[in-house]
Amino acid sequence: MGSGAGGGTLAARLAESGRSVVLLEAGGDPRQLRGGDPVDPEGNRLPDDYDVPAFHGFASENDAISWDFFVRHYASEARQRLDLKYRESWEGRRVEGVLYPRAGTLGGCTAHNAMIMLYPHDADWDGIAGLTGDPSWNAEHMRTYFRKLENCHHRWPYRLLSKIGIDPTGHGWKGWLHTEKAIPESMLDDPALIKMIEKTAFEIIRRLGDPITRAQRLVKGQLDLNDGRLVRQNAVGVGYMPLTTRHHARMGSRERVLDTARRYPDRLKLELNALATRVLLDEGNRARGVEYLRGDRLYRASRRPSDGPGELRRVHTSREVILAGGAFNTPQLLMLSGIGPRETLRRHGIEVRVDLPGVGQNLQDRYEVSVVNRMRFEHWEVLKGATFAKGDPHYRRWTAGGKGVYATNGSILGVVTRSTPTMPLPDLFCLALLGKFQGYFPGYSRALVDYLNYLSWTIVKGHTNNRAGEVTLRSADPRETPAINFRYFEEGNDTRGEDLDAVVAAVKFVRALTRGIQTDGLVGEEEVPGKDVQTDEEIREFARNHAWGHHASCTCAIGPRERGGVLGSDFRVHGTQGLRVADASVFPRIPGFFIVSAVYMIGEKAADVILTHA
Ligand SMILES: Cc1cc2nc3c(=O)[nH]c(=O)nc-3n(C[C@H](O)[C@H](O)[C@H](O)COP(=O)(O)OP(=O)(O)OC[C@H]3O[C@@H](n4cnc5c(N)ncnc54)[C@H](O)[C@@H]3O)c2cc1C
């Protein structure tokens, strides 16, 4: 169930290896659907919203594929309302939360994500190996799954050398998922942008440790943050953004699933518009199949949910049921099937099949905030004439050969650093974006078209300490969304406040990176947080009210049952047979800086485990 980064990857690998797979996916094919977005609400912006890398923000608001969850960051109503992104109602529904975009479509969130493919930290995998005592999770072994899935196109010399067996980079060269870098030539004609990059690079060189080590790393890694040698050293520094694109058009699990279904039509049956509502368990809690509703937009997170009843169907399995609905939907479906915290299930009149308190607990995410600068000029030269629509000069350049600024996801560079020198791992990722971006709220992507003269430094705080978030049932109706509360900062369990301090350090860091272009007069004004937010306490309050996340995970964590775990190290749900989970919910701790690489790897590993056990 679920065709996203975890489920699509897994289903394809199993089918390719000879298994018969039925893949249930709640949504339709995003390249076949028609849907508007904030640029053209009444028109059809597909398949461009899907294909064009620079349109990923619009994809996340395209009404044919969006699942809009409204989540709480805080239980406290007073605290929650201080966030300007909070909405009481939306599209005639009472939502009382902050928009958390998800994609209910073939490919899951790989159909609208920003395509950034960043390898997680080795410690993330070694941590699971330590927790479970299962050495197959160690970092060295996990690299093999990355190599298996990646088809790297951004380290050309090594791509050639790999053919004669020389490959120190740890990249994969023959996998199904293409990774590319996009650096538009037109950047060279944008003096402000060049100056911005120069000044930022200078400041980074000044700040990030010993210059000789960094020079050595630069020669080795060539700004590739996924180079295995740098990953092994937990290196800090600057790099470009590797994207999951093929010929500079989006690529994700949709392409993998469709290609496999085309090659093995007898083995991979794709059932679209199929909302799984319950896992069918026999007397001994062995999963025997899945009940689902067939129909369009049946889930109420859809932008325009259907009132129709859907058609109730069942699929029976001879071997296993594997759930990959993502960090919100997988725990919801487990609970709807009677697997979860006893009290929650009873409250909603659901028969308790397995009392598993960890289901839906341990929800984790990054904390993200942006420092948003309005530049003094009218537009970046690289964005001149951009309307983010068919026919503008950039669109023509992209269609003619995947070139230009639309081949990028809007990010110019990324910086990895530590919030304090004593942090065991780098915990901050700072991303420079040519646009006005300050988190998700309905219509947020419109700003990307309306403002062509902004520089946003988006901060991603990795390895957050807070693990107090929760996904729980709002109702026993499978078409209803679950209740989600991340319990940010003081409401969570990061008792020492390290997460919040790290965000403060990051805001100061990116402000320092911007100082050079401020002195040169390129910046008109820092709009967010703005000049009135200066002291640590002011920045803390800014973070409490502005932070967001978009890598929800860890809600069906691998780990011992008595310590809140939901899954064994082989992805099996405790207390059941023939039932596994393979998506972003399996992690005990949120990995790396950008999660999708780790979720794709989970899909590959789960397939390997299933095939080996069979
Ligand atoms: C706006 C946005 C941008 C992002 N950008 C990046 C990025 O650049 N880099 C990065 O690393 N990460 C990014 N992410 C996160 C990343 O894409 C996701 O974490 C990842 O795709 C999660 O994979 P998954 O398999 O757990 O779930 P998903 O990819 O969400 O897939 C779940 C699938 O299950 C289906 N489903 C759910 N419930 C049911 C049901 N009951 N019945 C049938 N089907 C069901 C859904 O329709 C969906 O297709 C982004 C996320 C968002 C929201």
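Residues numbered from 1 in each chain as written. Predicted model: local features only at pLDDT ≥ 70, side-chain atom pairs only at ≥ 80, totals over all residues. Heavy atoms only, no water.

(A) Up close: the pattern of salt bridges. For the structure shown, the criterion picks out 55 salt bridges. We note a salt bridge from Lys269 to Glu271, for which the minimum N-O separation is 3.6 Å. For Lys269, a relative accessible area of 46% corresponds to the partly exposed category. Measuring nitrogen to oxygen at the nearest pair gives 2.7 Å for the salt bridge that ties Arg544 to Glu490. Residue Arg544 is found in helix 17 (residues 536-546), and its partner Glu490 is found in the loop between strand 22 (483-485) and helix 16 (498-519); the two are separated by 54 residues along the sequence. By relative accessible area, Arg544 is classed as buried at 9%. (Salt bridge = Lys/Arg side-chain N within 4 Å of Asp/Glu carboxyl O. Buried < 20%, exposed > 50% of the residue type's maximum accessible area, 1.4 Å probe, protein only. Helix = DSSP H or I, 4+ residues; strand = E, 2+ residues; numbered from the N terminus.)

(B) Up close: the sheet that holds strand 3 (residues 86-90). Across the sheet, which stays open at both edges, the three strands sit in the order 2-4-3 with antiparallel pairing between neighbours. For this open sheet the edge positions go to strand 2 (66-71) and strand 3, each flanked by a neighbour on one side alone. When the angles between neighbouring strand axes are averaged without regard to direction, this sheet yields 65 degrees. Where strand 3 and strand 4 (residues 93-103) come together, four bridges link them in antiparallel fashion. Following the sheet pairing, Ser89 is matched in strand 4 by Arg94. Packing against the sheet, helix 12 (residues 326-336) makes contact with strand 2 and strand 4, and its axis sits at approximately 80 degrees to strand 2. (Pairing = 2+ DSSP bridges. Axes fitted to C-alpha atoms, helices over the stretch in contact; angles between N-to-C directions. Contact = heavy atoms within 4.5 Å.)

(C) Broad picture of the site of the ligand. Taken together, 38 residues lie near the ligand, and Glu25, Ile116, Ala276, Ala584 and Val596 sit nearest. With respect to the ligand, the backbone of Ala26 contributes an N or O atom lying 3.1 Å from a nitrogen atom. Ala276 is positioned such that a nitrogen or oxygen atom in its backbone is 2.8 Å from a nitrogen atom of the ligand. In the complex, the protein chains occlude 98% of the 1,000 Å² of accessible area that the ligand would expose alone. (Near = heavy atom within 4 Å. Polar contact = N/O pair within 3.5 Å; in protein donor to acceptor, adjacent residues only side chain to side chain. Areas by Shrake-Rupley, 256 points an atom, 1.4 Å probe, with all protein chains shown as cover.)

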